[in-house]
Amino acid sequence: MSTVTSADGTTIAYETTGSGPAVVIVATTAADRHDLDGLATALASRFTVHNYDRRGRGESGDTQPYAPEREIEDLAALLDAIGEPALLVGGSAGCVLALDAATALGERVSGLFLYEPSFVIDDSRPPVPADYVETVERLVAEDRRDEAVEYFMTRAVGVPAEYLEPMKADPSWARMVGYAHTLAYDGRIVAGTQGGHPLPADRWKVDAPVRVVAGENSPPFFHEGAKALVALLANAEYRVLPGHDHSAPWMAPDAVAALV
């Protein structure tokens, strides 16, 4: 493990494996760098993979007050340490952070690979509640972290309530509860993209190549969001991963790595 220091003094931890062009994996909601170890391993045969703990997770710090801009500064510090432009690989909510970072950091980002950005741009599924961030922050402040994860799963992800009890038996649930405070962080990052309205036309300006992928078996809203994003960007393409769904980065890392 290595560390860098972000602009506000926060320590950001990361691991480096493989050899080749630089890749940075941007973790998704309530996850640390180990969440996508399988994808990092699959990519390491072709790339130098930098897998980092976003602030508030794993072995990275969590200087307050939080603001999404701090996470872009974290990536800037990591890119400075890498010493060359890097391809950002993100999934779900991590895609939005990657887009914001690429817009802010320009040529320091060599490209984006985005798997199923969590956009809700029409009425194909219920929008995320407008008070989502405030509700999560209140539940965490009241030490109701398990309920915060339940709220995220049912109201943001859209998991039916009857599925929650089996999910709680998996070790991943306890890890999410441990990172429940970061649910609001990602909620702030994705603000304006999950309300059932068109994507903001002026938020992202990315000249580097962008590949936006959705799984063949995923709900239609992932595909519609991916297509809408591609239409906004200068050098982007939409691809479908045959036979897979939103779980592909975890369950089929080799298939995702092949598209990277």
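Before reading on, note that the structure itself is shown above.
Our subject in this report is the structure included herewith. None of the values given here were measured: they were computed from a predicted structure.

A word on the pattern of salt bridges
If charged atoms from side chains of opposite charge come close, those side chains can pair. All chains considered together, the criterion is met by 22 salt bridges. With a shortest N-O distance of 2.7 Å, arginine 188 and glutamate 137 are connected by a salt bridge. Of this pair, arginine 188 sits in helix α8 (residues 183-189) while glutamate 137 sits in helix α4 (residues 132-141), and the two are 51 residues apart along the sequence. Here lysine 168 makes a salt bridge to aspartate 146, at a shortest N to O gap of 3.2 Å. A residue pair is termed long-range when its members are at least 10 positions apart, and lysine 168 in helix α6 (residues 164-168) and aspartate 146 in helix α5 (residues 145-157) qualify at 22 residues. Salt bridges here are not isolated pairs; linked through shared partners, they connect Glu15, Arg33, Asp53 and Glu59.

A word on empty space enclosed by the protein
Applying the stated criterion to the full structure yields one cavity of 30 Å³ or more. Of the pockets and cavities examined, the largest cavity occupies roughly 70 Å³. Lining the largest cavity are 13 residues; nearest its centre among them are Leu36, Leu39, Gly90, Gly91 and Pro249. Of all the elements in the fold, those that place two or more residues in the lining of the largest cavity are β5 (86-91), β6 (109-115) and α10 (248-251). If one sorts the elements of the lining of the largest cavity by residue count, β5 sits on top with three residues.

So, the pairing of β6
Of all seven residues that make up β6, six are buried, and the element is covered over most of its length. Inspection of the sheet shows β5 paired to β6 by six bridges, in the parallel sense. Considered in β6, the bridge of alanine 86 is made with valine 109. With helix α3 (residues 93-105) bridging β5 and the parallel β6, this β-α-β connection has right-handed handedness. Pairing of β6 with strand β7 (residues 210-215) involves four bridges; the strand directions are parallel. Paired with phenylalanine 113 across the two strands is arginine 211, which belongs to β7.

Points about the environment of leucine 164
Structurally, leucine 164 is set in helix α6. Taking the relative accessible area as the measure of exposure, leucine 164 reaches 7% and is therefore buried. Distance from leucine 164 to histidine 50, taken between C-alpha atoms, is 33 Å for residues 114 residues apart in sequence. Among residues more than four places away in sequence, those in contact with leucine 164 are Glu150, Met153, Thr154, Val159 and Trp173.

Concerning the layout of surface pockets
Approximately 1,300 Å³ is the volume attributed to the largest pocket. Around the largest pocket sit 43 residues that line it, and Phe152, Met153, Val157, His246 and Trp250 are the ones nearest its centre. Where the lining of the largest pocket is concerned, the elements lending two or more residues are α5, α7 (171-178), α8, α9 (220-232) and α10. Broken down by element, the lining of the largest pocket gets its largest block of residues, six residues, from α5. Taken together, the residues that form the lining of the largest pocket break down as 24 nonpolar, 12 polar and seven charged. Its volume calculated, the second largest pocket comes out at about 230 Å³. Around the second largest pocket, the lining is made up of 15 residues, and of these Pro129, Ala130, Gly187, Ala191 and Gly192 lie nearest the centre. Of the residues contributing to the lining of the second largest pocket, the split by class is eight nonpolar, six polar and one charged.

Rules of the game
Residues numbered from 1 in each chain as written. Predicted model: local features only at pLDDT ≥ 70, side-chain atom pairs only at ≥ 80, totals over all residues. Heavy atoms only, no water. Salt bridge = Lys/Arg side-chain N within 4 Å of Asp/Glu carboxyl O. Helix = DSSP H or I, 4+ residues; strand = E, 2+ residues; numbered from the N terminus. 1 Å grid on protein atoms, 1.4 Å probe; cavity = no way out; pocket = protein on both sides within 12 Å on 5 of 7 lines; lining within 4 Å. Points joined across faces, edges and corners; volume = space filled by probe spheres on them. Buried < 20%, exposed > 50% of the residue type's maximum accessible area, 1.4 Å probe, protein only. Pairing = 2+ DSSP bridges. Right-handed = clockwise from strand over helix to strand, strands pointing away. Contact = heavy atoms within 4.5 Å. Nonpolar A, V, L, I, M, F, W, Y, C, P; charged D, E, K, R; others polar.

These values are about where atoms sit, not about what they do.
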